[in-house]
Structures are given as C-alpha cells and as structure tokens.
Amino acid sequence: MDNTETTGQDKFQANFDNDSVHASDGEPAESYEMMTKLYEETLQEIQEGEVVKGTVVKISPDYVLVDVGYKSEGQIPISEFQGLGKEIQIKEGDQIDVLLEKRENDDGLIVLSKTKADQAKVWDTIGKVWENDDLIEGKVLSQIKGGLSVDIGVRAFLPGSQIDLHPVRDMGKLIGKTFKFKILKYNKKRGNIVVSRRAILEKERETLRADTLKKLEEGSIIDGTIKNITDYGIFIDLGGVDGLLHITDMSWGRVNHPSEMFSLGDTITVKVINMDKEKGRVSLGLKQLTPDPWINAEEKYPVGNRVTGTVVSLTNYGIFMELEKGIEGLIHISEISWTRKIRHPSQVVSLHEEVEGVVLSVDSAKRRISLGIKQLGPNPWTLVKGKYPVGTVIEGTIKNITDFGVFVGLDEGIDGLVHISDLSWTQKIRHPAERFKKGDTIQAIVLNIDEKSERFSLGVKQLEKDPWEGISHKYSTGQVVDGTVTNITDFGIFLELSEGIEGLIHISEIDKGKTDKLSQLVNVGDKLKALIINIDERDRKIGLSLKELEKHTDESEMRQYMSQQASTEASLGEIIETKEKKATPSSEEEPEEATSAEPGGELSHDTEDQGGEAEEIASPPPDDEAPQSSDDSEPSDDK
C-alpha cells in the first residue's frame, strides 16, 4: 500500500490526537475513553458476509480501493467492475455496495467483493419474489440434463416438464430467449432455485379457455395454431382450448400423414364440427370448409364411361386410383385382365402412374366407385364360346399341371382345364404328371364353357367311347366270367373282366375260411372265375362272388346228374320192353331182335350219348338177375 495513503485507522488516530490536545486545554479526560468505545462499537457493527456501502477511493489497473469506514480500506479485483467491453463502469468517489468476506487477511487488509455483493442483492430480490409469489424474468443460457439453465440474476434450473404446456422435443431452440418465470423452489443456503414457465402458461390458458369456450359453437369457423402433430391428426390451440383435427377430416382426398400438409406453429382456419364443453373436447374439420365431391359423383361418372386417374395405392386385392381430389376408385385385381392371372397389381402398374379405366359401378352413399381395366378391350370368353362350341375337338399345349388336372392353352390366351377325372375312362390316375408333362401337345374335346365364371372345361377320355356304355348288354347277373386279378385289398379282390372293366369280389363273397389268406389264395395277374351278382352301369360297378360261383357249380352238376339219371331210366325201360317181346317172338322179328342186342345196334348208340354212367347202366345185368332175362328162357324152348 502507498505510504502517502491515509488509512481509516490513521484518520481516527489524528482525530484522537486532536481531541487529546483539546482535553489538555481543560476538556474532561473522559472524552478519550468515549471515543475509544465508539470506535470499537463501529468495528462490531460490520459482520463478515454482510453487504455494506463503500466509497471508491482509488482505481488502479489491478484493483479498486474501497473505504467502508473500517480500520482499513479493502481491495477488490478490477475484473469485478469491468463490463463485457472490458470498460470500468465506476469512478473514484462513487458509492457502491460491497460484501465483507473477511475482517482481515494476511496483509492486515479487509477482504471485500463487489460480485458477491451483487449476488447477495439478487438473492434478496429473489427471496422477495418468492415470498410475494411474483414473476421474475430470465434468459435461457444452455441445455443441461433434464432441462435448461436460466439466468435470473443467478443460475436457476428449468425442468423439461415445466418448459411448456406440451412436451418440447427440441429444447435447444429456446436457448438465448427471454421469458417470465414463476419460482417453484428457493433455497438460498444451498444456492438452489427451480423455476417454471408452464405454471404461467397454465394460468394464462385458463383465462383464455374460459373466454374461448364462451365463443365456440358447433359450426363456428375459427383460426388456431398447430401445437402438436401425430399419426392420427393435429392438435390446434384455439386460444386456451385445444381442438383435434383428425386425419380423416383434413381433406376429401387421401392423406397418408398429417405432416404432408402441416407444420408445427402453422396458423390455419378450421370449422368446429363437434364439441363437449363440460369435458373441454373440440373436434375440428378442414375439409368441411369445401363442398363434398361425392354429392354429384353418379352424374359425373356414369357407368360405362372411360376415366383417367392417378394410382395412389397398391394393395393385394387391387389398385386405388384418384379421379379427382376426394374421389378414388378401386380397380379390383379380378378386373385387371381377362386372361392373365395377376398375383399383385404391381405386375401391371406403378404408384403415381396415370391409368385409364372403365366405370363399373358408383355408390355415392358408400363413397365407392368400382373401375375396370380389362373392359377397355373385348371379352375373349365371348369369342371363345362362339369359336369352340361344346363337342369341338381342340389341340393345345399343356401350360400347367396341378394335382387336380391339366391346363391347356389356346391361341386366344385362355386356358382350358382337363380335370383329372376326365383324363381316362379306365386308368386310375393318381396325378396328371403320371401321363403328361408341361409343354406336351394334346387333343381334347370341349365339354363346357362358362363365360360368367370364366371356366373352360375340356376332356381327353371323351375322345374315345366309354367302355362302360351298354355294359348291361355285355354282361348279366348270374353270368360266370373269367378275369385277371389286378389288385388285392383288405376288403376284396379286383378282377379285370375286359379292358377298362373291373369287378370287385368283396370279402363277404369269399368263403370265410379263405378270407384271412387272400394274398395266399391269389396273386396279382392270376386268372380267376367269378359269378356276377350285380351290375351298376351308372356308378360303374360290377359285383362278383366266389361263394355264389361254388353254389352255381354245385347246382349245375346236380342238374346234369339228374338229367343223366332221367335218360338212363328211359333206356332201361326200353331194354325191358324189348326183352318181353323176345319172350314171344315171331319168325319175322327174330332177326331184328338179334340185331338190337348186338353191340353195334341202336342201344349201343344211345348209351354212348349219355356218357360214362349210361354205359354202366347199359352193361349186362348181374348173375343173380339172369333168370329174369328173356335170353335165358329161349334155350329151354329149344329143348
């Protein structure tokens, strides 16, 4: 410190010396003690941490000397007095507020601070704002974890939830802006202050809300500011009241997302279409400000007219085409081509492509228009029906083979189907690929053309005569037939009687003793006899039986045997009659009798026709019957 400078203590000592001189001149000696006591009381009045008034005594390049009336002046760094432009904001003799940090440092000087004095004054001001529930102005300094840092004289914390009425996604855009805040928490000791902007906005909002709700009515047209954008709509601040403009009420046309039409902060004019004042809910509409384009759609787009539009959407089931703003038509996937099998509309058109179509139907009430592309050209099914009448034999290439049949392509781009059941009269085809392959050329006959259902039925087996036709004339019930075993199953044996004709010997028509050993009884390829027990020409079934065959065989043999027995009896009667005639012979007949008895005569001829049994009957009688013969009596007459 400069020796020329006079400290407060030196000043006090000079005054004290003055008083001593006067006391020696006759003033009471007690004045010295009183002055000493007064000085000590002055020192006790200033406490550390207290803000006091001081006078700027000197300004140097490094510090400012301030007299606070204490035993010595205090030094304050010059940086605490410099503004943003590094200029000193004070001059010597100015009265300023300073804070006494220490009564005395190592150099015997008091420690003062201008900055801390200012902060202390701010804290006092903030404390009064807090106590009075007033508002304070502050500037957003930076973004920190959980919110923003705000300068209100000291740093305060603004939580993210207290920034606005709605969540703020981009808090950085608020940095540098000045707002009014309400103090939520205040703790001077910890240096903690929490402020809120939302509390102020909510209060303002309530005031505006009450006024706005009084004015709002259904049908009102009002301006608002977009506060939030979602996938399903936008929220608009109407003045203390938030209204929802749903995506379906934005335009008569298609809106994929509200952000295509609007941005945050935009001001738009909307119409109140519904509101609930008690709950404070307001539904808004934008498209309702313009006429509904569907009102005259039926007159504007008559059925059969050709129209042009833009493809706005492609789905699995069709194409949505915009004819005008607010009117879209659907081209169903089945209305794209007469002949091609379209798996997805993207095979034919692309988004935003301009497409021509034909109006098929219009329903203004349901806001639907059906369109078609294939109707732009003639229907090939009509041409085919006239070109290929039923019974026509066609030739084509196999385009596709499926489990249920074969598709044959024609020149007109139409495919005819030969169902698996129409491939062969006789052959059992499990899959068409057993006989055909893709690319083969085959002949078929037209069975049916259904223009409405777009079905073309063909047949291959119909090119030949049905072997079952007239089967009842070829075979009959009770007939014994020969056949070849084609299959042996658990329920019986299949027997091929002729080409394409099979009969079934059901297990119930086989002797029970043999049913457990069908595979041992016969083999595939064996020849077998069976008896026909029924014929169903309509269902193409012939029932065969082995049991009935055995019965039939037994009865046949019995009838043959009985027939032979009857023939034998007649022959014996003739023999007896002949022998009786020989008992009274005439001279003229003797030669004939002798002749008939000879082996080469008539009797011998008859017995040969009767078979082996007749031969036994025609043989000479046993010895014990000999006396009864007419041959034995003839010798006795001779004697």
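Residues numbered from 1 in each chain as written. Predicted model: local features only at pLDDT ≥ 70, side-chain atom pairs only at ≥ 80, totals over all residues. Heavy atoms only, no water.

1. Notes on the overall build of the protein chain
A tally of helices and strands in the protein chain yields 14 helices and 30 strands. Looking at the protein chain as a whole, 35% of its 639 residues are labelled buried. Summarising the internal contacts of the protein chain: among those between residues at least 6 apart in sequence, 58% fall at separations of at least 24. When the accessible surface of the protein chain is split by element, carbon and sulfur atoms take 48% of a total near 39,200 Å². (Helix = DSSP H or I, 4+ residues; strand = E, 2+ residues; numbered from the N terminus. Buried < 20%, exposed > 50% of the residue type's maximum accessible area, 1.4 Å probe, protein only. Contact = heavy atoms within 4.5 Å. Areas by Shrake-Rupley, 256 points an atom, 1.4 Å probe, with all protein chains shown as cover.)

2. Considerations on the pattern of salt bridges
Throughout the structure, instances matching the rule amount to 14 salt bridges. In this structure, Lys-53 engages Asp-97 in a salt bridge whose closest nitrogen and oxygen atoms are separated by 3.3 Å. On the criterion of sequence distance, the pair formed by Lys-53 in strand E1 (residues 51-59) and Asp-97 in strand E4 (residues 95-102) is long-range, its members being 44 residues apart. Of the residues examined, Lys-53 reaches a relative accessible area of 55% and is grouped as exposed. Salt bridges sharing partners connect three or more residues here, namely Lys-53, Asp-97 and Lys-121. (Salt bridge = Lys/Arg side-chain N within 4 Å of Asp/Glu carboxyl O.)

3. Structural notes on the pairing of strand E26 (residues 480-489)
Every other side chain in a regular strand lies on the same face of the sheet, so the side chains alternate between the two faces. Both E26 and strand E29 (residues 527-536) contribute to a ladder of five bridges, which runs antiparallel. Note that in E29 the partner of Val-480 across the bridge is Leu-531. Pairing of E26 with strand E27 (residues 492-498) involves five bridges; the strand directions are antiparallel. Paired with Val-485 across the bridge in E27 is Leu-495. (Pairing = 2+ DSSP bridges.)

4. What to know about the pairing of strand E16 (residues 306-315)
One ladder, built from five bridges, connects E16 with strand E19 (residues 354-363); its direction is antiparallel. Within E19, the residue paired with Thr-308 across the bridge is Glu-356. Sheet analysis places E16 next to strand E17 (residues 318-324), joined by five bridges and oriented antiparallel. The residue bridging Leu-314 from the neighbouring strand is Ile-319, located in E17. Where E16 hands over to E17, the hairpin turn is made up of two residues, counted between the paired strands.

5. Some points on the packing of aromatic side chains
The geometry of an aromatic ring pair is captured by the separation of the ring centres together with the interplanar angle, meaning the angle of the planes. The tally for this structure, following the rule as stated, stands at eight aromatic pairs. Between the aromatic rings of Phe-179 and Phe-181, the centroid separation amounts to 6.3 Å while the plane-to-plane angle is 80 degrees, which identifies the pairing as edge-to-face. Just as Phe-179 is buried, Phe-181 falls in that class too. For the pair Phe-491 and Phe-494, a centre-to-centre distance of 5.9 Å together with 90 degrees between the ring planes defines the contact as edge-to-face. Using a relative accessible area of 16% as the deciding quantity, one classes Phe-494 as buried. Above the face of the Phe-320 ring, Arg-254 is positioned so that its terminal group lies 5.5 Å from the ring centre. Over the aromatic face of Phe-407 sits the side chain of Lys-341, whose NZ or CZ is 4.6 Å from the ring centroid. (Phe/Tyr/Trp six-rings, centres within 6.5 Å; stacked < 30°, edge-to-face > 60°. Lys NZ or Arg CZ within 6 Å of the ring centre and 35° of its normal.)

6. Let's talk about the sheet that holds strand E15 (residues 281-285)
The strand order around the closed barrel formed by five strands is E11-E12-E13-E15-E14, and the pairing between neighbours is mixed. When strand polarity is set aside, the average angle formed by the axes of neighbouring strands in this sheet is 50 degrees. (Axes fitted to C-alpha atoms, helices over the stretch in contact; angles between N-to-C directions.)

7. Focus on the side chain of Ser-424
The residue Ser-424 is located in the loop between strand E23 (415-419) and strand E24 (441-450) in this model. Its relative accessible area of 15% is what places Ser-424 among the buried residues. Ignoring sequence-local partners within four residues, the contact set of Ser-424 consists of Ile-429, Arg-435 and Lys-461.

8. Here's the deal with unusual backbone geometry
Here the phi dihedral of His-352 falls at roughly 70 degrees; this positive angle occurs in a residue that is not glycine. Here His-352 is to be found in the loop between strand E18 (327-332) and E19. Of note, Arg-367 is a non-glycine position whose phi angle comes to about 55 degrees, a positive value.

9. Considering helix H4 (residues 198-215)
Here H4 contains 18 residues, and its C-alpha end-to-end distance of 25 Å stays within 8% of the 26 Å for a straight helix at 1.5 Å per residue. Those residues of H4 lying buried are Ile-200, Leu-201, Arg-205, Thr-212 and Leu-213. Those residues of H4 that are buried lie in contact with strand E6 (135-144), strand E9 (178-187), strand E10 (192-196), strand E11 (221-229), strand E13 (242-246) and strand E14 (267-276). (Expected span 1.5 Å × (residues − 1).)

10. Quick look at the environment of Asp-516
For Asp-516, the position within the fold is in the loop between helix H8 (512-515) and helix H9 (518-521). Separated by 26 residues in the primary sequence, Asp-516 and Asp-490 have C-alpha atoms spaced 9.3 Å apart.

11. Here's the deal with the side chain of Thr-212
Tracing the sequence through the fold places Thr-212 in helix H4. The residues contacting Thr-212, other than those within four sequence positions of it, are Leu-238, Gly-239 and Val-241.

12. Quick word on the environment of His-419
The residue His-419 is located in strand E23 in this model. For His-419, a relative accessible area of 34% gives the class partly exposed. Residues His-419 and Gly-405 lie 14 residues apart in sequence; the distance between their C-alpha atoms is 4.3 Å. Other than its neighbours up to four places away in sequence, His-419 contacts Phe-404, Gly-405 and Leu-458.

13. Remarks on the confidence of the model for the protein chain
Averaged over all residues, the pLDDT of the protein chain is 78; the fraction at 70 or higher stands at 77%. Note on residues 1-26: pLDDT is under 50 here. Beyond four places in sequence and across chains, it has 22 contacts. Ignoring residues within four places in sequence, the model shows residues 586-639, a span with pLDDT below 50, making 31 contacts including any to other chains. (pLDDT = per-residue confidence, 0-100.)

14. Side note on the sheet that holds strand E20 (residues 368-372)
Pairing is mixed in the closed barrel, where five strands are placed in the order E16-E17-E18-E20-E19. Across the sheet, the mean angle from the axis of one strand to that of its neighbour is 50 degrees, orientation sign disregarded.

15. Quick word on helix H6 (residues 380-387)
Among the residues making up H6, those that are buried are Pro-380, Trp-381 and Val-384. For H6, the angular spread of the buried residues around the axis is 100 degrees, confining them to a single face. Exposed and facing more than 90 degrees away from the buried side of H6 are Leu-383 and Gly-386. Those residues of H6 hidden inside the fold are in contact with E24 and strand E25 (455-459). (Arc of directions from axis to C-beta.)

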